[in-house]
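Commentary on secondary and tertiary structure
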Amino acid sequence: MTKINDLMARGTALLGSEYAILCGAMSWVSERNLVSAISNAGGFGVIACGAMTPELLDAEIAATKALATKPFGVNLITMHPQLFDLVDICAKHGVGHVVLAGGLPPKGSLEAIKASGAKVICFAPTLAMGKKLVRSGVDALVIEGMEAGGHIGPVSTSVLAQEILPTLADEVPVFVAGGIGRGEAIAGYLEMGASGVQLGTRFVCATESIAHPNFKKAFIRASARDAVASVQIDPRLPVIPVRALKNAGTEEFTAKQREVANLLDGGNVDMIEAQLQIEHYWAGALRRAVIDGDVENGSLMAGQSVGMVTSEESVGEIIASLVQQAEAALHTRG
């Protein structure tokens, strides 16, 4: 057994994959083609349910099962109004791993997922939240720093890793995410106690990714400093910042926040509806960029590791490269 296999043992045992390398759930990108390709190549693909209806998720899981020869998971957003229906769809298909993102799981959701025999993986943005999730019975945690693409928290990956791994890595497998683009970083986090990692941005330009050529081209041209976090314009509207490549769509989001804040002021929507409107905005803006190729007005969600995406490669090549880099780093360090 190689050193990387040894350090990833708990992660691979949980996931049932060759390597404990999860693909971050990216709306419109993490669909049947990319998810199955990642799982088949030894990683662990995760379907991004996002704002999908139960019917759409049902079809997506079925299509992924037809392509995948290895296990894969499904990412569900905790604030989705039909969360329990989505959990039922996952159970119907025998999905073995459900990743919950977007805050504390609603009452009864963990029990509903576990009742089907599935493993539950949750995001822990703080040590306190991580401890609470472990007490509630989650099977693993993902700690994601602000370098990541899409929705982000306020703390960097390296600080979260130093804070959370020494305390919780012995209790449950912990996967580190945010700004990881090379195997040397993977090696470092494994040595700190992580059971695996999660990458999103690195897989966007995979040949198996259905992202529009314009979207991929924008990633290949971008540097780390081009991936910037959105700004919250109204403290009453708890909008989670989103990291994306700066374009006209970034300004449009500022206008959308003003629009939703005005609706809140007028009593036309409640806070849950306001947050859902923001989520639907992102889903639409991301679709315009990923699927339609409108890289000026759509959302180019990207992590700061985008500067390490320099060409279009197959998923197999990306995973092999990451593993080789990590193995070489571990070997050098003895």
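Residues numbered from 1 in each chain as written. Predicted model: local features only at pLDDT ≥ 70, side-chain atom pairs only at ≥ 80, totals over all residues. Heavy atoms only, no water.

Description of the overall build of the protein chain
- When its secondary structure is counted, the protein chain shows 13 helices and eleven strands.
- Relative to the compact-globule value of 20 Å for 334 residues, the protein chain shows a C-alpha radius of gyration of 19 Å, a close match.
- Along the three orthogonal principal directions, the C-alpha set of the protein chain runs to about 60 × 45 × 40 Å.
- Counting over 334 residues, the protein chain shows a buried share of 54%.
- Within the protein chain, counting contacts between residues at least 6 apart in sequence, those at least 24 apart form 64% of the total.
- About 13,700 Å² of surface is accessible on the protein chain, with carbon and sulfur atoms providing 54% of the total.
- In the protein chain, which carries 26 positive and 34 negative side-chain charges, the distance between the mean positions of the two groups comes to 2 Å. (Helix = DSSP H or I, 4+ residues; strand = E, 2+ residues; numbered from the N terminus. Rg over C-alpha atoms; globule rule 2.2 N^0.38 Å. Buried < 20%, exposed > 50% of the residue type's maximum accessible area, 1.4 Å probe, protein only. Contact = heavy atoms within 4.5 Å. Areas by Shrake-Rupley, 256 points an atom, 1.4 Å probe, with all protein chains shown as cover. Lys, Arg positive; Asp, Glu negative; His and termini not counted. Charge placed at Lys NZ, Arg CZ, Asp CG, Glu CD.)

Remarks on the nonpolar core
- Formed by 112 residues in total, the largest nonpolar core has its most connected members in Leu57 and Leu76.
- When residues no more than four places from it in sequence are discounted, the contact partners of Leu76 are Cys49, Leu57, Leu83, Leu86, Val87, Cys90, Val98, Val99, Leu100 and Ala101. (Core = buried A, V, L, I, M, F, W, Y, C linked by side-chain atoms within 4.5 Å.)

A few points about the environment of Val87
- You can see Val87 is positioned in helix α5 (residues 83-92).
- On the basis of relative accessibility, which here comes to 5%, the residue Val87 falls in the buried class.
- C-alpha separation for the pair Val87 and Val74, spaced 13 residues apart in sequence, amounts to 9.5 Å.

Structural notes on helix α7 (residues 127-136)
- Residues of α7 that are buried include every one of Leu127, Met129, Gly130, Leu133 and Val134, and no others. Down the axis of α7, the buried set is contained in an arc of 155°. They therefore lie on one face. Exposed and facing more than 90 degrees away from the buried side of α7 are Ala128 and Arg135.
- On its buried face, α7 is in contact with β5 (119-123), β6 (140-144) and α8 (157-168). (Arc of directions from axis to C-beta.)

On their own, these measurements won't tell you what the molecule is for.
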